[in-house]
Structure formats: structure tokens, C-alpha cells
Amino acid sequence: MVRSQQASYTLSQLARAAHVGVETVRYYQRIGLMPVPDAAPGKAHRRYDGCHLDRLIFIRSAQSAGFALKDIVQLLGYERGNDRAAIQALVAQRLAALKAEEERLREAQAGLRGLLAMCERTPVGEACPIVGSFHLSPHEGS
């Protein structure tokens, strides 16, 4: 949704409207994701418009989809949506990364289930082997 440029926000109002902190907006400005508006002559505060809010919401939505800030920079470069192949490639990369993470999480779950079962089988009075399984052996730490 594109908002009217006529809307006017202070930095804190913009941050509040996008449900982020002021420092988040400032960080995005420092790394070039968010433009910094020119200060109006005679005004104490910079004013942001609806386009700034749209961009901030876009950034946060893309982050929620798991895109890294460097990927969001690329997505913003495709704002008009004309380079479908590049957009699709970026999204395909993100999907592949999510699939790999999903597999890693499944493996971690299986490992934890095994450790839990091992602890449940350990006789009362003996130490549960879970904590010990996370310690490095003496030759692994060097």
C-alpha cells in the first residue's frame, strides 16, 4: 500500500507508526536503507512522509520473511518489480536457506530427543548425561 506523501511524521511518530524503535530507523538510515529527509528551513525536526513509512514497513516485512538487510537492499533495488528473474532468484535463495535451516532444526530435535531418552533411562542417583554431552573433550578445545 502506498501512502500519500502528504502525511507528515516526526522521527518518533514514524517509528511508532511502523512499530519500531527510533534507533532502528536511525540504524537503517546509517546503512542506507532509509533516506534521511532534508530539514525544513526554520524547523527543529526533520519531517517524514508516507513514502518513508511505506519503506520502513517494507523493510520490516522483508525481515519477517527472513531476508537479511543486504538482501533487502537488493529487493529495494527491484521496487518497480520489473526484473522478475532477479526477484525470483533472490526469493529462491531465501527458500533454499529456509529449507537448509529446517533440516538443521530437524536434526537438532532428533539429537535432543535422543539425549532426553538417554537421561530418562539413566538410573536414579546417576548424573543425567545431557549436560556432559555438551562439554568438549580435552583435545577438541585446542
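Refer to the structure printed above.
Keep in mind that this is a model prediction, so the values were computed, not measured.

### What to know about the overall build of the chain
Of the regular secondary structure elements, the chain holds six helices and zero strands. Mapped in sequence order, the helices and strands of the chain form the string α-α-α-α-α-α. For a compact globule of 142 residues, the expected C-alpha radius of gyration is about 14 Å, and the chain comes in at 24 Å, more than 25% above that figure. Taken along the three principal axes of its C-alpha coordinates, the chain extends 75 × 40 × 30 Å. A burial count over the chain gives 23% of its 142 residues as buried. Put simply, of all contacts in the chain between residues at least 6 apart along the chain, 50% involve residues at least 24 apart. Surface exposure of the chain reaches about 10200 Å², of which carbon and sulfur atoms provide 56%. The distance from the centre of the 18 positive side-chain charges to the centre of the 14 negative ones in the chain is 9 Å.

### Comments concerning the packing of aromatic side chains
Per the stated rule, a full pass over the model turns up one aromatic pair. With 6.2 Å between their ring centres and 50 degrees between their planes, Tyr-27 and Tyr-28 make a pair best called tilted.

### Observations regarding the pattern of salt bridges
Overall, the coordinates contain five salt bridges when judged by the stated rule. Ionic pairing is found between Glu-102 and Arg-106, a salt bridge with its closest N-O pair at 3.8 Å. In this pair, Glu-102 and Arg-106 both sit in helix α5 (residues 84-121), four residues apart, roughly one turn of the helix. A relative accessible area of 42% places Arg-106 in the partly exposed class. Bridged by salt links that share partners, the residues Glu-102, Glu-103 and Arg-106 form one connected network.

### Comments concerning the state of the cysteines
Evaluated as defined, the whole model comprises one disulfide. Residue Cys-119 pairs covalently with Cys-128 via a disulfide, S to S 2.0 Å.

Definitions and cut-offs
- All residue numbers refer to position in the chain's written sequence, counted from 1.
- Note on the predicted model: pLDDT of at least 70 is required for a residue's local features to be given, and 80 or more for side-chain atom pairs to be given and counted; whole-chain, interface and lining totals, by contrast, use all residues.
- Values reported for side chains reflect all heavy atoms of the structure, with hydrogen atoms and water molecules removed beforehand.
- Put simply, DSSP marks the helices as runs of H or I at least four residues long and the strands as runs of E at least two long, and each gets a number from the N terminus on.
- Atoms considered for the radius of gyration are the C-alpha atoms alone. The globule rule reads 2.2 Å times the number of residues to the power 0.38.
- For each residue, the accessible area found with a 1.4 Å probe, counting protein chains only, is set against the maximum for its type, and the residue is called buried under 20%, exposed over 50%, and partly exposed in between.
- Only heavy atoms enter the contact rule, under which two residues are in contact if any of them lie within 4.5 Å.
- For accessible areas, the Shrake-Rupley method is used with a probe of radius 1.4 Å. Any residue's cover is judged against the shown protein chains and nothing else.
- His is not counted here, nor are the chain ends, while Lys and Arg score as positive and Asp and Glu score as negative.
- We put the charge of a Lys on NZ, of an Arg on CZ, of an Asp on CG and of a Glu on CD.
- Each Phe, Tyr or Trp ring (for Trp, its six-membered ring) is paired with any other whose centre lies within 6.5 Å, and the angle between the two planes then decides the class: stacked below 30 degrees, edge-to-face above 60, tilted in between.
- Counted as salt bridges are all cases of a side-chain nitrogen of Lys or Arg within 4 Å of a carboxyl oxygen of Asp or Glu.
- Cysteine sulfur atoms are paired as a disulfide whenever they fall within 2.5 Å.

Everything listed here is a matter of geometry and, on its own, says nothing about what the molecule does.
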